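Coordinate analysis (summary)
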Amino acid sequence: TLDAIETVKRVIPGCATTLGVSNVSFGLSPRARHVLNSVFLDEAVKRGLDSAIVHPGKIVPLHRIPDEEQRLAGDLIYNRRGDDPSHDPLTAFMAAFDGAQDNVSSRDDREKLPVDERLPLRIIDGDRDGIETDLDEALAAHPPLTIINDFLLAGMAEVGELFASGQMQLPFVLRSAEAMKSAVGYLEPFIQASGADTSAKGRVLLATVKGDVHDIGKNLVDIILRNNGYEIVNLGIKQPIDAILTAAEGHACTAIGMSGLLVKSTVVMRDNLEEMNLRGLAKYPVLLGGAALTRGYVEDDLRAIYDGNVFYCKDAFEGLRVLDQVLAAQKDGVDTPLAERKERRQFAKTVREESAPVTDAKGRARSAVATDVSIPVAPFYGQRVVRGIALEDVAPLLNEVALFRNQWGFTPGGRSPQQYQAFIDEAARPVLREWLERARTEHALTPEVVYGYYPANSDGDDLIVWEPDAPLEKERVRFTFPRQDRGRFLCIADFFRPVDSGEVDLLATQVVTVGRRISSIAKTLFDDDRYTDYLFAHGFGVEMAEALAELWHRRVRQELNLAGDDGPTVLDWFRQSYRGSRYSFGYAACPDLEDQEKLFKLIDPSAIGVALTEEFMLDPEQSTSAIIVHHPEAKYFNAR
């Protein structure tokens, strides 16, 4: 491989090369892989390698690799056997790392280090126990700001690298932030007594945009920036551009960060940037983040319309890196360097026009979904409110994969399935047990439901919901759903009897919530700098609301005598192993959030304390809504 790189560079001048480095070390122990990958990459660069596909957290600077380990790696790479033909470089290399730990130091090992090395490790380990003693020792030799800037922030920088490389999960990142916050708080009186300049690196305004109630991502950014030397003005959720700009001007902010989970929020962000142009306030660098954003949309589309600098930040640590670059550029009096993006490739699109498999009586496209399935009998028409739901009924339907991985950030990393399961049993399940107990003893959750049944029929792409006392005569609401333009040509309306059949079909609806108290608890934890517990509280509330939705969908199937088709386990239900489907607005089959207003005309979620925001999101956040379709062919699909 090394010879090939050198040959390509010599024979084909101007040709760039790239290499997937980690293949060279498959099968070795983690520590051995780090050393071999790092030495091999260095050799490849010397031969002319232009770029590499690597795990950045698993490449070690050569100065941190002992000379003997470098020699052994070089012997293996070049098959150097010396004067002994029986010497095997691979065997010697593996033997040198037999039982070696992957740069893991125990607390006892850490305590043997000098204080300037102990403090960064304390931050990385998230260990606050006894940190004041180490800080006192450091204060005897260093000014307090030096301790923060040179020792503590060095630890946070390493945390960022470990998180980016997948070697540190989010809960442990937040534990490190808590240790950082504790250390800085201890040092603040000493800083004030010294008369040193205590100004922050910069002041950043953070806000979730208008209509969006999701704040977990924004608050994680707050935590990371605040513990890396920035002052934060956090406005919270549902913030219109007037409030954002007024606060940015009033607090003399350095930059603005906008967050939002929804697709609709990406449009709001675009409108906000255009408004900033109109007001002559494009002086602010703007950082954007959120689940629905893409790098291409921000760095191509939004940069094209904003007169200032706008950046996409996939996570809090990318936001930190961007801000550091922005501040450095402002300090040097130069424009902030923007990462160049390659011109989008234009693909020649040859889309074969397809015809719908079926047309209705009016010649409109329709899928081939069956129109003669049995229609269940509604137990009642209209709505009912259900309170006093036991947590013991909700908890068994909690999706632990969604909670542990997606909400709490306990990802597998490089663990085998067996190692990951052991990690979950040790790190995540005790936390879940704790929060279930808190939910019982502190009444952190109040599960409540409003649901109902209505007569309904399809009319092309429309779903007509009738007044219960006048089916086929008096409309209550009419939904219009998008239809696929290829494949099965599915549309949600197809799962209901056509109106011209004269047979009245049935629609079920539900809105569920676990109440506002869990949001209040999470906010208190955030305000008290208990970042890890904040993450756990927020994720627990979100997934318990989803569990309640799953429970009540099961109850609806039971009331309609359809539960006999359910799979035998809860995991089967998570995979839609039951008759019909539960569709929530904003998702692939019914993407228009505005339809929430129509749902609210069928049932009254205010009876359980749930309201709609300006952008048609449910408030409180730990709530879900859905229409429930009984048709056996109804499953999740993408309509657009």
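Remember, predicted model here, so these are calculated numbers, not experimental data. Sequence order as written defines residue numbering, which begins from 1 separately in each chain. This being a predicted model, a pLDDT of at least 70 is required before a residue's local features are given, and a value of 80 or more before pairs of side-chain atoms are given or counted; all residues contribute to the totals for chains, interfaces and linings. To obtain the side-chain values, all non-hydrogen atoms of the structure were used and water was disregarded.

Moving on to the overall build of the protein chain. If you tally the helices and strands in the protein chain, you get 22 helices and 18 strands. C-alpha atoms of the protein chain, sized along the principal axes, occupy 90 × 65 × 55 Å. Out of the 640 residues in the protein chain, the part that is buried amounts to 49%. The Shrake-Rupley method, run with a 1.4 Å probe, gives the accessible areas here. Residue values count only the displayed protein chains as cover. When the accessible surface of the protein chain is split by element, carbon and sulfur atoms take 50% of a total near 30,400 Å². In this charge count, Lys and Arg are treated as positive and Asp and Glu as negative; neither His nor the chain ends contribute. Charge positions are represented by NZ for Lys, CZ for Arg, CG for Asp and CD for Glu. Once the 72 positive and 98 negative side-chain charges of the protein chain are each reduced to a mean point, those two points are 3 Å apart. The numbering of helices and of strands both runs from the N terminus, where a helix is a DSSP run of H or I of at least 4 residues and a strand a run of E of at least 2. Using a 1.4 Å probe on the protein chains alone, a residue whose accessible area is under 20% of its type maximum counts as buried, one over 50% counts as exposed, and one in between counts as partly exposed.

Before going further, it helps to spend a moment on the packing of aromatic side chains. Here a pair means two rings of Phe, Tyr or Trp (six-membered ring of Trp) with centres within 6.5 Å. Their orientation is stacked below 30 degrees between planes, edge-to-face above 60, and tilted elsewhere. Scanning all chains against the criterion turns up 22 aromatic pairs. When the centroid spacing of 6.2 Å and the interplanar angle of 40° are considered together, the rings of Phe-172 and Phe-423 count as tilted. Within this pair, whereas Phe-172 is found in helix 9 (residues 170–194), its partner Phe-423 is found in helix 17 (residues 417–427), the two being separated by 251 residues in sequence. Note on Phe-172: relative accessible area 23%, which makes it partly exposed. Of the residues examined, Phe-423 reaches a relative accessible area of 10% and is grouped as buried. With 5.5 Å between their ring centres and 85° between their planes, Phe-380 and Tyr-451 make a pair best called edge-to-face.

So, about the pattern of salt bridges. Salt bridge, as applied in this entry: a Lys or Arg side-chain nitrogen positioned within 4 Å of an Asp or Glu carboxyl oxygen. Applying the stated criterion across every chain yields a total of 51 salt bridges. A salt bridge links Arg-47 to Glu-6, with the nearest nitrogen and oxygen atoms 3.1 Å apart. Of this pair, Arg-47 sits in helix 2 (residues 30–47) while Glu-6 sits in helix 1 (residues 2–11), and the two are 41 residues apart along the sequence. For Arg-47, a relative accessible area of 19% gives the class buried. Note that Arg-476 and Glu-467 form a salt bridge whose closest N and O atoms lie 3.1 Å from each other. Salt bridges sharing common partners tie together Arg-118, Arg-122, Asp-127, Asp-134 and Glu-137.

A word on the environment of Gly-160. Among the structural elements, Gly-160 can be located in helix 8 (residues 144–164). Sequence spacing of Gly-160 and Arg-321 is 161 residues, and the spatial spacing of their C-alpha atoms is 9.6 Å.

Moving on, we come to the environment of Tyr-534. Structurally, the position occupied by Tyr-534 is in helix 20 (residues 531–559). Remark: the alpha-carbon pair of Tyr-534 and Leu-220, spanning 314 residues in sequence, is separated by 9.7 Å. Contacts are residue-level and defined by heavy atoms, with any inter-residue pair within 4.5 Å sufficient. Aside from chain neighbours lying at most four places away, what touches Tyr-534 is Asp-215, Ile-216, Asn-219, Ala-522, Leu-525 and Phe-526.

Looking now at helix 6 (residues 115–125). In an α-helix, one full turn covers 3.6 residues, which means residues spaced three or four apart are oriented alike. Taken as a whole, helix 6 has its buried residues at Val-115, Arg-118, Leu-119, Pro-120, Arg-122, Ile-123 and Ile-124. Looking at the residues trailing helix 6, positive phi occurs at Gly-126, about 65°.

When the sulfur atoms of two cysteines share a covalent bond, that bond is a disulfide. Pairs of cysteine sulfur atoms within 2.5 Å are identified as disulfides in what follows. Taken as a whole, this structure holds 0 disulfides when the rule is applied. Sulfur of Cys-253: no disulfide; nearest cysteine sulfur belongs to Cys-313 and is 16 Å away. Its relative accessible area of 9% is what places Cys-253 among the buried residues. In this structure Cys-590 is a free cysteine whose sulfur lies 10 Å from that of Cys-491, the closest cysteine sulfur available. Overall, the relative accessible area of 1% leaves Cys-590 in the buried class.

Throughout this description, the term nonpolar core refers to a set of buried Ala, Val, Leu, Ile, Met, Phe, Trp, Tyr and Cys residues connected via side-chain atoms within 4.5 Å. With 84 residues, the main nonpolar core has Trp-408, Trp-435, Tyr-453, Phe-540 and Met-544 as its most contacted residues. The element best represented in this core is helix 20, accounting for 14 residues. Contact partners of Tyr-453, with chain neighbours within four places excluded, come to Ala-378, Pro-379, Phe-380, Tyr-381, Gly-382, Leu-506, Leu-507, Ala-508, Val-556, Glu-559 and Leu-560. Formed by 32 residues, the second largest nonpolar core is a distinct cluster that contains Leu-490, Phe-496, Val-511 and Leu-599.

Turning next to the pairing of strand 3 (residues 203–208). In terms of burial, strand 3 is a largely internal element, 5 of the 6 residues being buried. Where strand 3 and strand 4 (residues 231–234) come together, 4 bridges link them in parallel fashion. From the neighbouring strand, Arg-203 faces strand 4, where its bridge partner is Glu-231. When the strands point away from the viewer, a crossover counts as right-handed if the route from the first strand across the helix to the second turns clockwise. The parallel pair strand 3 and strand 4 is bridged by helix 10 (residues 216–226), and the resulting crossover is right-handed. If DSSP finds at least two bridges between two strands, the strands pair.

Where strands meet in a sheet, backbone hydrogen bonds hold them as pairs that are either parallel or antiparallel. With parallel pairing, the 5 strands of this open sheet are ordered in space as 4-3-5-6-7. For this open sheet the edge positions go to strand 4 and strand 7 (310–312), each flanked by a neighbour on one side alone. Here the average twist between neighbouring strands, direction ignored, is 25°. Angles shown run from 0 to 180 degrees and are taken between the N-to-C directions of axes, each axis being a line fitted to C-alpha atoms and, for helices, limited to the stretch in contact.

For the rest of this paragraph, the subject is helix 16 (residues 400–407). Considered for burial, the residues of helix 16 that qualify are Ala-402, Leu-403, Phe-404 and Gln-407. The inward-facing, buried residues of helix 16 contact helix 17, helix 18 (429–441) and helix 20. We call two N or O atoms a polar contact when they sit within 3.5 Å, provided that within protein one can donate a hydrogen and the other can accept it, with sequence-adjacent residues counted only if both atoms are side-chain atoms. The residue sitting at the N-terminus of helix 16 and contributing the capping side-chain oxygen is Asn-399; that oxygen lies 3.2 Å from the backbone nitrogen of Val-401. Positive backbone phi, at 80°, marks Gly-409, one or two positions downstream of helix 16.

Bringing the packing of helix 19 (residues 517–527) against helix 20 into the picture now. Closest axis-to-axis distance for the helix 19/helix 20 pair is 8 Å, and the angle between their directions is 165°. It follows from the interaxial angle that helix 19 and helix 20 lie roughly antiparallel. Every pair of crossing elements has a handedness; the one defined by helix 19 and helix 20 is left-handed. Seen from helix 19, the contacting residues are Ile-518, Ala-522, Leu-525 and Phe-526; seen from helix 20, they are Tyr-531, Asp-533, Tyr-534, Ala-537, His-538, Phe-540 and Gly-541. Charged residues are taken to be Asp, Glu, Lys and Arg, nonpolar residues to be Ala, Val, Leu, Ile, Met, Phe, Trp, Tyr, Cys and Pro, and polar residues to be all remaining types, Gly included. Classifying every residue of the contact of helix 19 with helix 20 by side-chain character gives 8 nonpolar, 2 polar and 1 charged. In these notes the angle categories are as follows: under 35 degrees is roughly parallel, over 145 is roughly antiparallel, 65 to 115 is roughly perpendicular, and the rest is oblique. Crossing handedness is defined as follows: a turn of the near helix away from the far one that is anticlockwise and smaller than a right angle gives a left-handed crossing, while the clockwise case is right-handed.

Turning our attention to the pairing of strand 11 (residues 448–459). By the criterion of burial, strand 11 is predominantly enclosed, with 12 of the 12 residues buried. The side-chain alternation of strand 11 yields two buried faces, one formed by Glu-448, Val-450, Gly-452, Tyr-454, Ala-456 and Ser-458 and the other by Val-449, Tyr-451, Tyr-453, Pro-455, Asn-457 and Asp-459. Note that strand 10 (residues 382–386) and strand 11 share 5 bridges and pair antiparallel. Paired with Val-386 across the strands is Val-449, a residue of strand 11. Where strand 11 and strand 14 (residues 505–513) come together, 9 bridges link them in antiparallel fashion. Residue pairing for strand 14: Tyr-451 is matched across the bridge by Gln-510. Where strand 11 lies against strand 12 (residues 462–466), 4 bridges are found, and the strand directions are antiparallel. Bridge assignment links Asp-459 to a residue of strand 12, and that residue is Asp-462. Taken together, strand 11 and the strand that follows it, strand 12, pair antiparallel across an intervening segment of 2 residues, in which Gly-460 is found at a positive phi of about 65°.

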